[in-house]
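Tertiary structure, described
Spelled out from the first residue to the last, the chains are:
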Amino acid sequence: MIRHAMNLMPWALTLLCLTSCAAVDGSSRQAHNDRSELQRKAVDAPKETSSSGRLDDELNLLVPRILDAYAVPGTAVGIIRDGKVWSATGYGYRDVATRQPVTVSTAFNVGSISKSVTAWGVMRLVEEGRVELDAPVGGYLSRWKIPPSEFNAEAVTVRRLLNHTAGLSMWGVPKVSPEVEPPSLDAMLVATTDGERDIRLVREPGSEWGYSGGGYAVLQLLIEEVMHRSFDHYMKSEILRPLGMTGSAYVWDEAISLAAATPHDASGKPFAGQRFTATSAAGLQTTLTDLLAFATASLNSANEAPRIVSPATVASMQRPSSESPKYGLGYELPDIEGVRLVGHSGSNEGWMAQLLLSPGTADGIVILTNGTNGLRIISEVECAWLLEVFGKGCDGITPLPLPVAESELHRYTGRYRDSTGAVAEIVVHDGHLFWRTDYGYDFALRNRGPGAFFWVIGENRLTFQETSDHTVTGLTRQRKDASTSFEKID
C-alpha cells in the first residue's frame, strides 16, 4: 500500500510532543521504557491509517515524535516483505517553511547509496562483455591515468574499485555549494580545482580494504570512456528508467528541483545543500518509490522484476570475499546478531539514508531523511524493523530525548577545558544545546536526564557537574570506553 502522511503536530514546538511519555526528571531507563511503550501501543495517529500491521502502527506513532525531537523535518519509510513493497509512507515536511508534506514521490539525495546503483551500471557493462571485472582499469582510460607510485597500478582492477580494495585515496568526494559550478570529472581526479586532494594509490591494491569514494569517481570515468557518453545519461537510459526509477537522476535538473525535499542542518534550519562532480559516489537523487524498485530488484525475489543485470550477477555482488569480507560489489554486508544483511547507508550533510535487505527472508527497509540529524531517525526506525522481522538488533539504542526548558539550558553554556588544554564551547541555538568545535561545526545535543546529554550524531555522552546551588563547574565527555573531564573556565 502506498500512501503519505503529514506530521500535524507543530514542528516548531520541539520536544513538547514527548511530555506525555517522559518526565523532565526521568532517567535513561525510564526513557527506554517510554519508547517501548510507544512501540507497543496501537493508537490513532495524525495521518492516513491502514490495516498493514503492527509495525505500521508502531512507526505511525513513533516517527512523528522522533522527527520533532531531533529537528528533522521529514522522512520517507518503505517496508518490503516477501520481495514486494508492503508499505510506503511519507512523514513530516519537505521544507519547514512551506509545510509541503513528504510523499513517496519526494526526491532525496541518498549519499553513498549512489554507489550501489552505480555498481549496477558497471556490472551491466561486464555482462555485455564491454568490461572485464578483473582487468586493470587503466586499460579502459585515456582521459586520466593513475599517478605513478611505489605501488602496482596494474593491480587496480574494476572489481577492486567496486569493493574498495584498489588502494586508492579520497574517502569522501569533493562537494560544492549549488551556486558554484562543479569542476569537471577530469579536473577533480587530478585536484586542479582545490589544490588539495587528488586520487592516487596509497597502499598496494588488494592488500587491505579502504573505503574510497574516489574509486567510484574512476568508475564514473570508466563508464564515460567505454560508452562515449555522459555518466548520468548512461545511468538514466540503461539502469534507472528500465528499473522504473523515473523520478531519479544523477544530475540536479529542473524535475529534481521541483520534487526535492530541502536539506536541513543540525539545528533544523534549511540550507542549500551540496552538489558533486563524482555523482557516481554521492550524487543520486531518488524517491522512496524509486529506491524501493531498486531494493526489490536487489532482492532478486520478484519474478516480475526487470532484469537489468542477471540474478546470478546480483547475487555475486552481494557476496563477501577474502579481500573484502564486509563489502561486496557496491553493497555493504552488515551482520546483525547472526542475521546477514546487504544494502548501503548514505550520509551527506542535510541528507541521511539507509537501505537494508535480507536476501534470506526477502525482507527489506528503505529510510530517507532530509536532516543532518537523520541518523537518529534511521536508528529508531531500523530498530523497530529489526525487532519485528528478526526479534533482535536494538541493543544500545539511545533513549528518546527528554524535554527541557531553554531557560534551563543557558546555565550549561560557556567554555570548558580538559587536562591537555583543549577547549570546548557549549552554546544554545533554537532551544537546544550544541557542542561547538574549533573547525566551525556544531554537534547537536539532546537531554537524557538532569545534567545529562547525548550527541545526536555519534556515541558521545555529556554529564555536567554542578554544586549544591546548581552552579555548573565542569563536564565529563564519555565516548565508548573512554572519558574526558573538562573544567568550566567561563
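Quick look at the structure, then. Source: prediction; values computed, not measured.

Attention now moves to the overall build of the chain. In terms of regular secondary structure, the chain is built from 13 helices and 19 strands. Looking at the chain as a whole, 56% of its 490 residues qualify as buried. Here the contacts in the chain between residues at least 6 apart in sequence split such that 66% fall between residues at least 24 apart.

For the structure shown, the criterion picks out 14 salt bridges. For the salt bridge of Asp134 with Arg159, the shortest nitrogen-to-oxygen distance reads 2.6 Å. A residue pair is termed long-range when its members are at least 10 positions apart, and Asp134 in the loop between helix H3 (113–127) and helix H4 (158–162) and Arg159 in helix H4 qualify at 25 residues. Looking at Asp134, the relative accessible area reads 48%, which means it is partly exposed. Put simply, Arg143 and Glu224 hold a salt bridge, and the shortest N to O gap is 3.2 Å. Highlighted residues: Arg143 in the loop between H3 and H4 and Glu224 in helix H6 (residues 213–227), separated in sequence by 81 residues. One continuous salt-bridge network, built from bridges that share partners, spans Arg124, Glu128, Arg130, Arg229 and Glu238.

Another point: the packing of aromatic side chains. Following the criterion strictly, the structure yields 17 aromatic pairs and no others. One residue, Arg81, lies across the ring of Trp86, its end atom 4.1 Å from the ring centre. Between Arg275 and the ring centre of Trp252, over which it is positioned, the NZ or CZ distance is 3.9 Å.

Below, the discussion takes up the packing of H3 against helix H10 (residues 288–299). Across the interface, H3 lies against H10 with an axial gap of 12 Å and an inter-helix angle of 55°. What the angle tells us is that H3 and H10 run oblique. Considering the relative orientation of H3 and H10, their crossing is left-handed. Facing Ile113, Ser116, Val117 and Trp120 of H3, the residues of H10 in contact are Leu291, Phe294, Ala297 and Ser298. The class makeup of the residues in the contact of H3 with H10 is six nonpolar, two polar and no charged.

Here we take up the sheet that holds strand S11 (residues 363–369). Read across the open sheet, the five strands follow the order S2-S1-S11-S10-S9; overall the sheet is antiparallel. The strands lining the two open edges of the sheet, one partner per strand, are strand S2 (84–92) and strand S9 (342–348). Between one strand axis and the next, the sheet turns through 5° on average, direction left out of account. Across seven bridges, the pairing between S9 and strand S10 (residues 351–358) is antiparallel.

The eight strands are arranged S12-S13-S14-S15-S16-S17-S18-S19 in a closed barrel whose pairing can be described as antiparallel. Each strand of the sheet is rotated relative to its neighbour by a mean of 30°, with strand direction disregarded. Relative to strand S14 (residues 432–436), strand S13 (residues 423–429) is paired through five bridges, and the arrangement is antiparallel. If you follow Val428 over to S14, its bridge partner there is Leu433.

Turning our eyes to something else, we now look at the side chain of Thr279. Mapped onto the secondary structure, Thr279 falls in helix H9 (residues 279–282). Thr279 has contacts with Ser114, Gln220, Phe231, Tyr250 and Leu284, leaving out every residue within four places of it along the chain.

Among the nonpolar cores identified, the biggest contains 79 residues, and Trp120 and Leu162 are the most heavily contacted of them. Ranked by residue count, the leading element in this core is H6, at nine residues. Other than its neighbours up to four places away in sequence, Leu162 contacts Ala119, Val122, Met123, Leu133, Tyr216, Leu219, Tyr327, Gly328, Leu329 and Gly330. Within the second largest apolar cluster, 33 residues are counted, among which are Tyr70, Val72, Ile336 and Met352.

Residue placement: Arg130 occurs in the loop between H3 and H4. Look at Arg130 and you get partly exposed, because its relative accessible area is 44%. A sequence separation of 93 residues divides Arg130 from Ile223, and the C-alpha atoms of the two residues are 9.9 Å apart. Excluding anything up to four places from it in sequence, Arg130 contacts Leu125, Tyr140, Val226 and Met227. Here the side chain of Arg130 touches Glu128 through a polar contact of 2.9 Å, side chain to side chain.

Reading the values: rules and limits
Residues numbered from 1 in each chain as written. Predicted model: local features only at pLDDT ≥ 70, side-chain atom pairs only at ≥ 80, totals over all residues. Heavy atoms only, no water. Helix = DSSP H or I, 4+ residues; strand = E, 2+ residues; numbered from the N terminus. Buried < 20%, exposed > 50% of the residue type's maximum accessible area, 1.4 Å probe, protein only. Contact = heavy atoms within 4.5 Å. Salt bridge = Lys/Arg side-chain N within 4 Å of Asp/Glu carboxyl O. Phe/Tyr/Trp six-rings, centres within 6.5 Å; stacked < 30°, edge-to-face > 60°. Lys NZ or Arg CZ within 6 Å of the ring centre and 35° of its normal. Axes fitted to C-alpha atoms, helices over the stretch in contact; angles between N-to-C directions. Parallel < 35°, antiparallel > 145°, perpendicular 65-115°, else oblique. Left-handed = near helix turned anticlockwise from the far one by under 90°. Nonpolar A, V, L, I, M, F, W, Y, C, P; charged D, E, K, R; others polar. Pairing = 2+ DSSP bridges. Core = buried A, V, L, I, M, F, W, Y, C linked by side-chain atoms within 4.5 Å. Polar contact = N/O pair within 3.5 Å; in protein donor to acceptor, adjacent residues only side chain to side chain.

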